[in-house]
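Chains, contacts and geometry: an overview
The chain contents come next:
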Amino acid sequence: MNFEPEEIEIKNLNHLGIIAGIIDEIGIVEKVNELIGTDSREIINCGEVVKAIILNGMGFVSQPLYLFSNFFQDKAVEHLLGKGVKAEDLNDDKLGRVMDKLYKYGLNKLFLIIGLEVIKKYQISTKYSHLDSTSFHLHGQYNNRENKDTKEIEVNRENPIVITKGYSRDHRPDLKQCLLDLIVSSDGDIPIFMRGGSGNESDKAIFGKILVEYSKQVDFESIMIADSALYTAKNLVLIKSTKWISRVPLSIKKAKNLVKSVKKDSPKDSGSEGYKYCEQKMIYGGIEQRWILIESEERKKSDLEKIIEKKAKEAEKAEKEINTIITKEFEQISLLTEKISKIKSKLKYHQIVETEIVSKVTRKGKEIHTIVCRLIENSELISELENQAGRFILATNILSETELPASEILIAYKKQQSCERGFGFLKDPLFFADSLFLKNPERIETMMMLMGLSLLVYTIGQRELRNNLQLQKSSVKNQLNKLTERPTLRWIFQCFQGIHCFKIEGVKRISNLHDERRRILNFMPIACQQYYLSA
């Protein structure tokens, strides 16, 4: 049978049906429309635009948002977003208007409402939550409303974030930036709270305030985990009503002394392979707490190797400098001693000993001086460094060992990578990019919230997939063609490349949905299956 070209329409679907299904399962479109409102005159409403942005963000093209409508030109837009919706409806003007509405409503509030509903719907454990931040660098000029001093930072502010230079996690101190603060659950790395921050904000200045504000807005108790930026006397007083675990900076004198003073054979087995610990009660910032001194076997090995390397480098350099001096004759003793003193001042792992100045008179009657000395290792310091190698301190204000054993504190803190995985997702150029491209602070902050929603969709989809595989005692093949119960959702996306949605004489069909893809869909939410099986 022959068809005219206009009777056949072929559009790409690929993995976008999985993303759309997860968005539908969570109910993001409905919740956004409920909070922001809809207009019956609109072809596409706010919730559907948010859905489209998430699809664009996870579309595997690393395409800037100003090419938003271009992304959808070859996609099954109507199939993914609703009857009558076309690519040209997703234009820059529509995108801008929706982003402005989201900003006006309140980005933190909107994200938290959706996050809390997800927590309840999917019964996500909130026993432990992790707080961390990252930076996104930006190119170009930005018209900040005010270049305010961020020493007194407020979590809920009326003005937009300030795009400016600050400490760069991306190692781009030459560029302006903004920050993203994120709280995620240990259970599946699910983001619950996000906040855009000015480029020059300090984690130490804001982390305590974030946890206070967060605790006011949630109806459950969670043990909050953060890195050493949280651990300041001021923050500990702020969060005294919150249960927390944090790393103690070794710049604190008490911490430094503890790491040095605990003898080599004092730490005991932690129950986690490769880790030992010992515990002390401590008061810091007026807050009673437990300090857990952890000794990591792997880190100890690495630290010891670094000590050996640094010793060798220092010895080689010092020997060269000493040899230059002992082979010379000096007319002034002060100049000779000054040069030796200069070498001594730079030594950490070594000492100069058996120093002796030899003086003699030349035939011409001039007095000259030479020096004899020997370079040895600073054995006392090296022994001290070797003793403290591989050690760090975790602290908690949960004083009962029964409520929270030391071994569990270590396990919980190691999951701080939950935030890092989220930041890695957001900065992956296959999804979003680590350099934002919008032209005003309000839009940039809104974009970060939308990126956070994309992370929410991704982590919920991956958690559901893994849970279903576990429940059904099944597995799928990974990139190495080996069976796994814990595939990444990103890999599943790759498995669904090459799927098309096509119409012939008005009848919709899905192509290239072979048996393995159908089998994978069985482990995905029903809403995902409907985009592929009910065409």
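Every value quoted in this text rests on a predicted model; they were computed, and no experiment measured them.

**Concerning the nonpolar core**
Ile-18, Leu-102 and Phe-496 are the most contacted members of the largest nonpolar core, which has 124 residues in total. Among the elements that take part in this core, helix 16 (residues 441-471) stands out by supplying 14 residues, more than any other. By size, the runner-up hydrophobic cluster in this structure holds 17 residues, among which are Ile-223, Tyr-277, Leu-394 and Ala-412.

**Thoughts on the packing of aromatic side chains**
Under the criterion given, the structure shown has eight aromatic pairs. Between the aromatic rings of Phe-193 and Tyr-214, the centroid separation amounts to 5.8 Å while the plane-to-plane angle is 70 degrees, which identifies the pairing as edge-to-face. Here Tyr-214 lies in helix 8 (residues 203-217) and Phe-193 lies in strand 4 (residues 191-198), a separation of 21 residues in the sequence. You can call Tyr-214 buried: its relative accessible area is 2%. Each ring, one from Tyr-231 and one from Trp-291, has its centre 6.5 Å from the other, and the planes form 65 degrees; the classification is edge-to-face. On the criterion of sequence distance, the pair formed by Tyr-231 in the loop between strand 5 (223-226) and helix 9 (233-238) and Trp-291 in strand 9 (residues 287-296) is long-range, its members being 60 residues apart. The exposure class assigned to Tyr-231 is buried, which follows from its relative accessible area of 2%. Every member of this aromatic cluster is reached through a ring pair, and the members are Tyr-231, Trp-244, Tyr-284 and Trp-291.

**Some thoughts on the sheet that holds strand 16 (residues 500-504)**
Pairing between the strands of a sheet comes from backbone hydrogen bonds, and it takes one of two forms, parallel or antiparallel. A sheet is described by the order of its strands in space; here three strands give the open sequence 1-16-17, paired in antiparallel fashion. Two strands bound the open sheet, and with one partner strand each, they are strand 1 (8-12) and strand 17 (507-511). Pairwise comparison of adjacent strand axes, ignoring direction, gives a mean angle of 20 degrees for this sheet. One ladder, built from five bridges, connects strand 1 with strand 16; its direction is antiparallel. In the sheet register, Ile-10 faces strand 16, and the bridge partner there is Phe-502.

**Overview of the pairing of strand 11 (residues 367-377)**
Strand direction decides the pairing type here: strand 10 (residues 350-361) and strand 11, joined by ten bridges, are antiparallel. Looking at strand 11, one finds that Glu-356 is bridged to Val-372. Linking strand 10 to strand 11, which pair antiparallel, is a turn of five residues; within it Gly-365 sits at a positive phi near 85 degrees.

**A look at helix 16**
Compared with an ideal rise of 1.5 Å per residue, which puts 31 residues at 45 Å, helix 16 spans 45 Å between its outermost C-alpha atoms and is within 8% of the ideal. Counting buried positions over the 31 residues of helix 16 gives 27, a clear majority of the element. At the exit of helix 16 stands Lys-473, carrying a positive phi of roughly 50 degrees.

**Remarks on a positive patch on the surface**
Together, Arg-299, Lys-306, Lys-310 and Lys-348 make up a region of like positive charge exposed at the surface. Locating Lys-348 in the fold gives a position in the loop between helix 12 (333-346) and strand 10.

**Observations regarding unusual backbone geometry**
Unlike most non-glycine residues, Asp-189 shows phi in positive territory, near 60 degrees. Within the element layout of this structure, Asp-189 appears in the loop between strand 3 (176-185) and strand 4.

**Notes on the pattern of salt bridges**
This model, assessed by the stated rule, comprises 28 salt bridges. Between Arg-443 and Asp-100 there is a salt bridge whose closest N-O contact spans 2.9 Å. Placement of Arg-443 in helix 16 and of Asp-100 in helix 6 (residues 92-105) is noted, with a sequence separation of 343 residues between them. Asp-100 gets classed as partly exposed once you look at its relative accessible area, which sits at 39%.

**A word on the pairing of strand 5**
What you see with strand 5 is no split at all: Ile-223 and Ile-225 on one side and Met-224 and Ala-226 on the other are buried throughout. Alignment of strand 2 (residues 128-138) against strand 5, held across three bridges, turns out to be parallel. Bridge pairing links Ser-129 to Met-224 in strand 5. As paired strands, strand 5 and strand 6 (residues 244-247) are joined by three bridges and run parallel to one another. What sits directly across from Ala-226, in strand 6, is Ser-246.

What counts, and where the lines are drawn
- Throughout this document, residue positions are counted from 1 along each chain, in the order its sequence is written.
- Totals for whole chains, interfaces and linings use all residues, but because this is a predicted model, local features are given only for residues with pLDDT of at least 70 and pairs of side-chain atoms are given and counted only at 80 or more.
- Computation of side-chain values: all heavy atoms of the structure, hydrogens and water removed.
- Here the nonpolar core consists of buried residues drawn from Ala, Val, Leu, Ile, Met, Phe, Trp, Tyr and Cys, with membership extended through side-chain atoms lying within 4.5 Å.
- Relative accessibility under 20% of the residue-type maximum defines a buried residue, over 50% an exposed one, and the middle range a partly exposed one, all with a 1.4 Å probe and only protein chains included.
- Each helix is a run of H or I in the DSSP string that is no shorter than four residues. Each strand is a run of E no shorter than two, and both are numbered from the N terminus.
- Between the rings of Phe, Tyr and Trp (Trp by its six-membered ring), a pair exists once the centres lie within 6.5 Å; its type follows the angle of the planes, with under 30 degrees stacked, over 60 edge-to-face, and the other angles tilted.
- Should DSSP find at least two bridges between two strands, the strands are taken to pair.
- Axes here refer to lines fitted to C-alpha atoms; in helices the fit is confined to the stretch in contact. Angles between the N-to-C directions go from 0 to 180 degrees.
- To estimate the expected span of a helix, subtract one from its residue number and multiply by 1.5 Å.
- A patch consists of residues exposed above 30% relative accessible area that lack any salt bridge, with like charges linked at up to 9 Å and nonpolar side chains (Val, Leu, Ile, Met, Phe, Trp, Tyr) linked at up to 5 Å.
- The Shrake-Rupley method, run with a 1.4 Å probe, gives the accessible areas here. Residue values count only the displayed protein chains as cover.
- By salt bridge we mean one thing: a side-chain nitrogen of Lys or Arg within 4 Å of a carboxyl oxygen of Asp or Glu.
- Just so you know, the count uses Lys and Arg for positive and Asp and Glu for negative, and it drops His and the chain ends.
- Note that the charge is assigned to NZ on lysines, CZ on arginines, CG on aspartates and CD on glutamates.

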